[in-house]
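One letter stands for each residue in the lines below.
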Amino acid sequence: MDNLRKFYIDGAWVGPSTTETLDVVNPATEEVIGAIAMGAQADADAAVAAARTAFESFSATSREERVALLERICAGYAARAADLAATVSAEMGAPMSLAVQAQVPSGLAHLSTMGKILANFEFETDLGSSLLVREPVGVCAFITPWNWPLNQIACKVAPALAAGCTMVLKPSEVAPLNALIFAEILHDAGVPPGVFNLVNGAGPVVGAALSSHPDVDMVSFTGSTRAGVEVARNAAPTVKRVAQELGGKSANIILDDADFGRAVSRGVFAVCNNTGQSCNAPTRMLVPHSRMDEAAEIAAAAAKKVAVGDPAAEGTGIGPAVSAAQFDKIRRLIETGIDEGARLAVGGPGRPEGLERGYYVRPTVFSHASNDMVVAREEIFGPVLVLIGYEDDDDAVRIANDTPYGLAGYVSAGDPARGRAVARRIRSGQVNLNGARPDFRVPFGGYKQSGNGREWGRHGLEEFLEVKAILGYHEGVR
């Protein structure tokens, strides 16, 4: 990759304003696989200036031009799918099977879905004599995470392009290489200079520069709730729009009429997917008190089936945690759960047997936990499941909603009507019934400290639009 130590600004790869670099580490081997340039205020300023200049012309492009642009991006993305998968696997530890089947396709799904939505989206609405016009919000700053990097880049870039916005992306410095390929794809697809810009750097430096920049009209951030608070503080003095997709501690209610073997096992595999590094992972499994022992036995058996190992090896279920810092956090919180008195059904704080190098974590299940324990309240971001008992449906809903988060919820039920009734009572932005598959047309986002605003689908596009009312537009009409 030729552009590791460059930024993409105003349609060209340019050198940084500083000489600072940061090593990118393969978490499976703990070896350095590259070094990226780290930006500063001057780099953020240059990128924002390019986006501001480009906005006047790009915001005036037609729907048809932007649909065609998204189609070209999709074609270029598909052509680079193998490169993207290999890069994601190397820099954040995703098994190749996950990279090929989920990590990379999720980005393409957002791009293609947005193209279809744009083709039929109504930007103008007549209301008698008045006209409502939906216009692009302006220059947008994107700060994206390392756990589902292409998913989070694409679900911001696609609607921004569809709306006619221009943008500056600061990808995670932990897994930044896939974003450089993404920039190459957009360049080759003919995205006009200045419409898309990329600057690597640290959150407190480049992220803060972008979120506080007076020429940025909107900042969209995905990451921890703690960091999201800082982004909002930085953005407040300029009263820019802020969209945030933050942390989660999602409840997975297994109702007593569900197929326990299937539902509990499915919940374990969902938590372990991507090494547990998903903000919407169902990490609190709620089961009837009377069936706690049964659920713990099923969960432990399922966790033992999860193959931990080399991301490149066939049959690997989960790879390593993304970094030494993440590895240490997961291990510390597992030890906290033990100290709190939750029963360790399987797993623990040590590395899996035979894996002495790399940030590998043992799939861990705690049973007989209470919802006031740290492991039931703090987002661990690892393959750690906590089983909590409940008395009846009302008690299950109460426990599910007893959290500062509200990103996702899960319900398994034998009676569909009962499952739907419980789902309606969960205070979260998305609820998954009986293992439903992802739907890229529907909104994704959270209640409470899980954020504000929505991504994905039509609602994701609307986040990037301002609404203007023109009164008296149609003379003689009431």
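Right above here is the structure, for reference.
Our subject in this report is the structure included herewith.

Definitions and cut-offs
Just so you know, the residues in each chain are numbered from 1, in the order the chain's sequence is written. Under the rules for a predicted model, residues below a pLDDT of 70 receive no local features and side-chain atom pairs below 80 are neither given nor counted, while totals for whole chains, interfaces and linings still include all residues. Just so you know, side-chain values use all the structure's heavy atoms and leave hydrogens and water out. We treat two strands as partners when DSSP finds at least two bridges between them. Note on conventions: DSSP H or I runs of at least 4 residues are helices, E runs of at least 2 residues are strands, and numbering of each starts at the N terminus. Angles shown run from 0 to 180 degrees and are taken between the N-to-C directions of axes, each axis being a line fitted to C-alpha atoms and, for helices, limited to the stretch in contact. Should any heavy atoms of two residues lie within 4.5 Å, those residues are considered in contact. Multiplying 1.5 Å by the helix residue count minus one yields the expected span of that helix. Each residue's exposure class comes from its accessible area (1.4 Å probe, protein chains only) as a fraction of the maximum for that residue type: buried when under 20%, exposed when over 50%, partly exposed otherwise. For classification, angles of less than 35 degrees are called roughly parallel, those exceeding 145 degrees roughly antiparallel, those between 65 and 115 degrees roughly perpendicular, and all remaining angles oblique. Whether a crossing is left-handed or right-handed is set by the direction in which the near helix is turned from the far one by less than a right angle, anticlockwise for left-handed and clockwise for right-handed.

1. So, the sheet that holds strand β12 (residues 251–254)
Step number 1: If you walk across this open sheet you meet the seven strands as β14-β15-β16-β13-β12-β17-β18, and the pairing is mixed. At either margin of the open sheet sits one strand with a lone partner, and together these are β14 (343–346) and β18 (430–433). Direction aside, neighbouring strands of the sheet carry axes that sit 25 degrees apart on average.
Step number 2: Against the sheet, helix α11 (residues 324–340) contacts β14, β15 (364–369) and β16 (384–390), and its axis sits at roughly 30 degrees relative to β15.

2. Side note on the sheet that holds strand β6 (residues 130–136)
Step number 1: Taken in spatial order, the three strands make up an open sheet running β5-β6-β20, and their pairing is antiparallel. Each end of this open sheet is capped by a strand with a single partner; those strands are β5 (124–127) and β20 (465–470). Within this sheet the neighbouring strands show an average axis-to-axis angle of 20 degrees, counted without direction.
Step number 2: By the bridge criterion, six bridges tie β6 to β20 in an arrangement that is antiparallel.

3. Overview of helix α5 (residues 149–163)
Step number 1: For α5, spanning 15 residues, the distance from its first C-alpha to its last is 22 Å, which sits close to the expected 21 Å at 1.5 Å a residue.
Step number 2: In terms of burial, α5 is largely enclosed, as 15 of its 15 residues are buried.
Step number 3: Where α5 terminates, the next one or two residues include Gly-164, which has phi positive at roughly 95 degrees.

4. Concerning the packing of helix α9 (residues 260–272) against helix α10 (residues 292–304)
Two quantities define a packed helix pair, namely the angle between the helix axes and the distance between the axes.
Step number 1: Closest axis-to-axis distance for the α9/α10 pair is 9 Å, and the angle between their directions is 50 degrees. In terms of axis orientation, α9 runs oblique to α10. By crossing handedness, the relation of α9 to α10 is classed as right-handed. Contacts between α9 and α10 involve Phe-260, Gly-261, Val-264, Ser-265, Val-268 and Phe-269 from the former and Glu-294, Ala-295, Ile-298, Ala-299, Ala-302 and Ala-303 from the latter.

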